[in-house]
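Remarks on the overall topology
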Amino acid sequence: MFETVSWRDEMSVGREDIDSQHKRLLNIINRLGEEITANERYEIEKILNSLLKYTVYHFGYEEELFDGYPRTNAHKQEHTDFFEFMIKQQELWQSTGEIKLEDLRRYLNCWLNHHISVIDKEAFEWLEALEAEQNEMPDSASESKKAL
Ligand SMILES: [Fe+2]
């Protein structure tokens, strides 16, 4: 089966939780692609809903981790763009009963490749540096706790 979007190892952000969420997102999109190809109308409706639901969960999860990230607004904006694109696809589907797999494939490949490989990676590098910095502090923190 021809995949709508494919996972590539360079998409890894170096965290198991996020990599598996991204893989799940890609998996839902690929199932959607399969159902569009098969023209399974009931399944398309169901998967569009799951995709939107999962997107809200995943973006929320990331945005919570990036609390304090200097480029958080730009990152959130990208999430909003994706979500709005998918909402438009759903509305189009509901009003016309049509969804263009080629448009979907083009947009999603472009967005996901750029977003995961560049935007998310950058944000997770920031988070990793922050966590490393915080891990260097417990000694002095526990020292001051002991002193209390
Ligand atoms: Fe993201």
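Definitions and cut-offs
- Residues numbered from 1 in each chain as written.
- Predicted model: local features only at pLDDT ≥ 70, side-chain atom pairs only at ≥ 80, totals over all residues.
- Helix = DSSP H or I, 4+ residues; strand = E, 2+ residues; numbered from the N terminus.
- Rg over C-alpha atoms; globule rule 2.2 N^0.38 Å.
- Core = buried A, V, L, I, M, F, W, Y, C linked by C-beta atoms within 7 Å.
- Buried ≥ 20, exposed ≤ 12 C-beta atoms within 10 Å, placed from the backbone.
- Expected span 1.5 Å × (residues − 1).
- Contact = placed C-beta atoms within 7 Å.
- Bend = angle between axes of the 7 residues up to and from the residue.
- pLDDT = per-residue confidence, 0-100.
- Axes fitted to C-alpha atoms, helices over the stretch in contact; angles between N-to-C directions.
- Parallel < 35°, antiparallel > 145°, perpendicular 65-115°, else oblique.
- Nonpolar A, V, L, I, M, F, W, Y, C, P; charged D, E, K, R; others polar.

Right, let's get into the overall build of the chain. Within the chain, the regular secondary structure consists of five helices and zero strands. Put simply, the chain runs from its N terminus to its C terminus through helices and strands in the order α-α-α-α-α. Computed over its C-alpha atoms, the radius of gyration of the chain comes to 19 Å, more than 25% above the 15 Å expected for a compact globule of 148 residues. Across its three principal directions, the C-alpha atoms of the chain cover 70 × 30 × 25 Å.

On to the nonpolar core, then. Formed by Val5, Leu25, Ile29, Leu32, Ile36, Ile44, Ile47, Leu48, Leu108, Leu112 and Ile116, the largest nonpolar core amounts to eleven residues. Mapped by element, the contributors of at least two residues to this core are helix H1 (16–38), helix H2 (41–65) and helix H4 (101–135). It is H1 that contributes the most residues to this core, four residues altogether.

Here H1 contains 23 residues, and its C-alpha end-to-end distance of 33 Å stays within 8% of the 33 Å for a straight helix at 1.5 Å per residue. Buried within H1 we find Ile18, His22, Leu25, Ile29, Leu32, Gly33, Glu35 and Ile36. As for H1, its buried residues are in contact with H2 and H4. A positive phi of about 55° marks Asn39, the residue just after H1.

This part is about H4. If you look at H4, its biggest bend is around 40°, right at His115. Within the sequence span of H4, burial applies to Leu108, Leu112, Ile116, Asp120, Ala123 and Leu127. Residues of H4 that are buried make contact with H1, H2 and helix H3 (72–96).

A separate point is the confidence of the model for the chain. Chain-level pLDDT for the chain is 90 on average; 92% of the residues reach the 70-or-more range. At the low end of the mean pLDDT range in the chain sits helix H5 (residues 138–147), at 55; at the high end sits H2, at 96.

Another aspect to go through is unusual backbone geometry. One non-glycine residue, Asn39, adopts positive backbone phi at about 55°. Secondary-structure assignment places Asn39 in the loop between H1 and H2. We classify Asn39 as exposed; it has 10 C-beta atoms within 10 Å.

Residue placement: His75 occurs in helix H3. When near neighbours in sequence (up to four residues on either side) are disregarded, His75 contacts Phe66, Tyr69, Ile119 and Ala123.

Glancing now at the packing of H2 against H3. Put simply, H2 and H3 touch, their axes get as near as 11 Å, and they point 170° apart. Considering the angle they form, H2 stands roughly antiparallel to H3. Residues Ile44, Leu48, Leu51, Leu52, Thr55, Phe59 and Glu63 of H2 touch H3, and the partners they reach there are Lys76, His79, Phe82, Phe83, Met86, Gln90 and Trp93.

Two elements in contact, H1 and H4, have axes whose closest approach is 12 Å; the angle formed by their N-to-C orientations is 180°. By the angle between their axes, H1 is roughly antiparallel relative to H4. Across the interface between the two elements, Ile18, His22, Ile29, Gly33, Ile36 and Thr37 of H1 pack against Leu101, Leu108, Ile116 and Phe124 of H4. Per-class residue counts for the contact of H1 with H4 are seven nonpolar, three polar and no charged.

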